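Single-letter residue listing:
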Amino acid sequence: MLSKLSTRAGELFGFLNRTDGSLRSKILRSGFWQALATIGVNGLTFAKSAVLARLLVPEAFGLMSLSLMAIRGAQLITETGFGNAMVQRQGDWDSAKDTAFTLLALRGLLLALLMVPVGYGMSAFYGKSELVPLIGVLGVSFLFSGMANINLMRTIRELDFKKVAVIENVVGLASFVIAIAIAWWTRSVWALVASFVAAAAIKTTMSYFLIPGRPVFHIDRKVALELLHYGKFITAATILMFIASEAGGAVIGKMLDVTQLGHYSVAFLLANFPPTHVAFVLSNIMFPAYSKIQNDLPVLRKTFAQVTDVIASLVMPVMAGMAAAADTMIGAFYGAGWENAVGPFRILCIYGALHAIVTVNGYMFNGIGRPDIGFRIAVIRVVCILVLIVPAIQLGGTVGAAAAMSFVMVLNLLYGLYQVTKVMGAGKLEVLRPLLPALVKSIAAGAAIWLGDQFLPDSKIKILWLILIGAAVYIPMNVGMIKTVLKLKK
């Protein structure tokens, strides 16, 4: 018996450490390594946020939220799409890598310099002088990320995610240790800032230690134009997505106060935490996979249905359970003083679940060479949010903001599925059918955890009992899906 298990374990280990094989085998291996990276990083990030919530006051999270709004805004507004372009590139890869690297390095330098005046502007707008040094120091992260080894994109392109997983886990662990240590010492927002900048520096350093190949500074005008042509829709869509995702926090910070913004930002982070990272795993794997099958419509339709079923079944029941146990969950993980995060968190669970599906579908459109569809989805999203967000906050505060964000995500999902019917020639029922099993699973998981939350006595371990109830419902419902995925190896 032990000999048989040892043999099976050896076969699995050998399979996971190979880089050859069919597209299905590569997808399965990539899924394992990306899942490993995501579990490690997510666990550390969640633990970090829970510990920091007990060491820092909500105002610190509010200040960090405003600071990161500037960082993400500059990053996304100048998003070139060069990384995606290099993964999706059909021509000679080596002839383009140095141009992409040089352009990304120049972008990083310019953004780091830009953060100084941006800090002063944000400080004047929100009346918070602390934002000037916070944003200025956070801008240093652009220098590090801009110099990352471009050959990392080749690794992703070939669906070889083992080294990517190692890098992500080391970065996550280092960020955790740095944030907790500095928070314990200073009890200030600078713990969040230091861990953010350190993570960028460590990730870039490791990309040169683990990924073969060294880029050089060189710009080929023809290649640069090709990269810009592919990336123009991604750049535009990313700008709009940033406006849409940050609108709630930006308006709350202006109309209400930094403390309420801190409650909303934690609720938003927690509601997006599981679905965003599951979507990240699948998107990173399926983006290069979709690019390889983009011209085979029958295979494309079948793959889309399978991926939608997987992402929806993985995410929607979890978010339903989290919404059902929102009071207990916030109290257990964040402690006293965070009760006002419960209301927006419960509604944002809808946003998070649908956001995962919309994100994976967006990478699918990019992978088949249709980034223009992602741009249209972004236009709809940002216009609707800009129309709804102010009256929603006036009517319901942070809860109103959460409701507006979730409603718009429903519209995004429906429009994206409509575009799938046009691009792939699929029927409306064909694109909706993969969502139905997940909906049933969500109702079952949410009901089970809600009942447990109502009838279990309050205690320090109540959240553990609710997690066990959720697992007892969630795992059996998804056994069939897991077996289907594992068959890909064959």
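Nothing here was measured: the structure is a model prediction, and the numbers come from that model.

Taken as a whole and assessed by the stated rule, the structure comprises six aromatic pairs. Plain terms: the ring middles of Phe61 and Trp338 are 5.6 Å apart, the flat faces sit at 90° to each other, and that makes the pair edge-to-face. On the criterion of sequence distance, the pair formed by Phe61 in helix H3 (residues 58–77) and Trp338 in the loop between helix H14 (326–334) and helix H15 (342–367) is long-range, its members being 277 residues apart. Given the relative accessible area of 11%, Phe61 is considered buried. Within the aromatic cluster, the residues linked to one another by ring pairs are Tyr264, Phe268 and Tyr351. The side chain of Arg187 reaches across the aromatic face of Trp184, ending 5.0 Å from its centre.

So, about a nonpolar patch on the surface. A cluster of nonpolar side chains, Leu109, Leu113, Val140, Leu143 and Phe144, forms an exposed patch at the surface whose accessible area comes to about 400 Å². Counting residues per element, the ones that place at least two in the nonpolar patch are helix H5 (94–126) and helix H7 (140–146). With relative accessibility at 36%, the residue Leu143 sits in the partly exposed group.

What follows covers unusual backbone geometry. Backbone geometry at Arg187 places phi at a positive 50°, although glycine is not the residue there. Here Arg187 is to be found in the loop between helix H9 (162–186) and helix H10 (190–210). On the accessibility criterion, Arg187 (44% relative accessible area) is partly exposed.

The interhelical angle for the contact between helix H13 (residues 297–324) and H15, taken along N-to-C directions, is 165°, at an axis separation of 9 Å. Regarding the angle of H13 to H15, the classification is roughly antiparallel. Taken as a pair, H13 and H15 cross one another with a handedness that is right-handed. Contacts from Phe304, Val307, Thr308, Ile311, Ala312, Val315, Met316, Met319, Met322 and Ala323 of H13 reach H15 at Phe345, Arg346, Cys349, Ala353, Ala356, Ile357, Val360, Asn361 and Met364.

So, how was this worked out
Residues numbered from 1 in each chain as written. Predicted model: local features only at pLDDT ≥ 70, side-chain atom pairs only at ≥ 80, totals over all residues. Heavy atoms only, no water. Phe/Tyr/Trp six-rings, centres within 6.5 Å; stacked < 30°, edge-to-face > 60°. Helix = DSSP H or I, 4+ residues; strand = E, 2+ residues; numbered from the N terminus. Buried < 20%, exposed > 50% of the residue type's maximum accessible area, 1.4 Å probe, protein only. Lys NZ or Arg CZ within 6 Å of the ring centre and 35° of its normal. Patch = residues over 30% accessible without salt bridge, like charges linked within 9 Å, V, L, I, M, F, W, Y side chains within 5 Å. Areas by Shrake-Rupley, 256 points an atom, 1.4 Å probe, with all protein chains shown as cover. Salt bridge = Lys/Arg side-chain N within 4 Å of Asp/Glu carboxyl O. Axes fitted to C-alpha atoms, helices over the stretch in contact; angles between N-to-C directions. Parallel < 35°, antiparallel > 145°, perpendicular 65-115°, else oblique. Left-handed = near helix turned anticlockwise from the far one by under 90°. Contact = heavy atoms within 4.5 Å.

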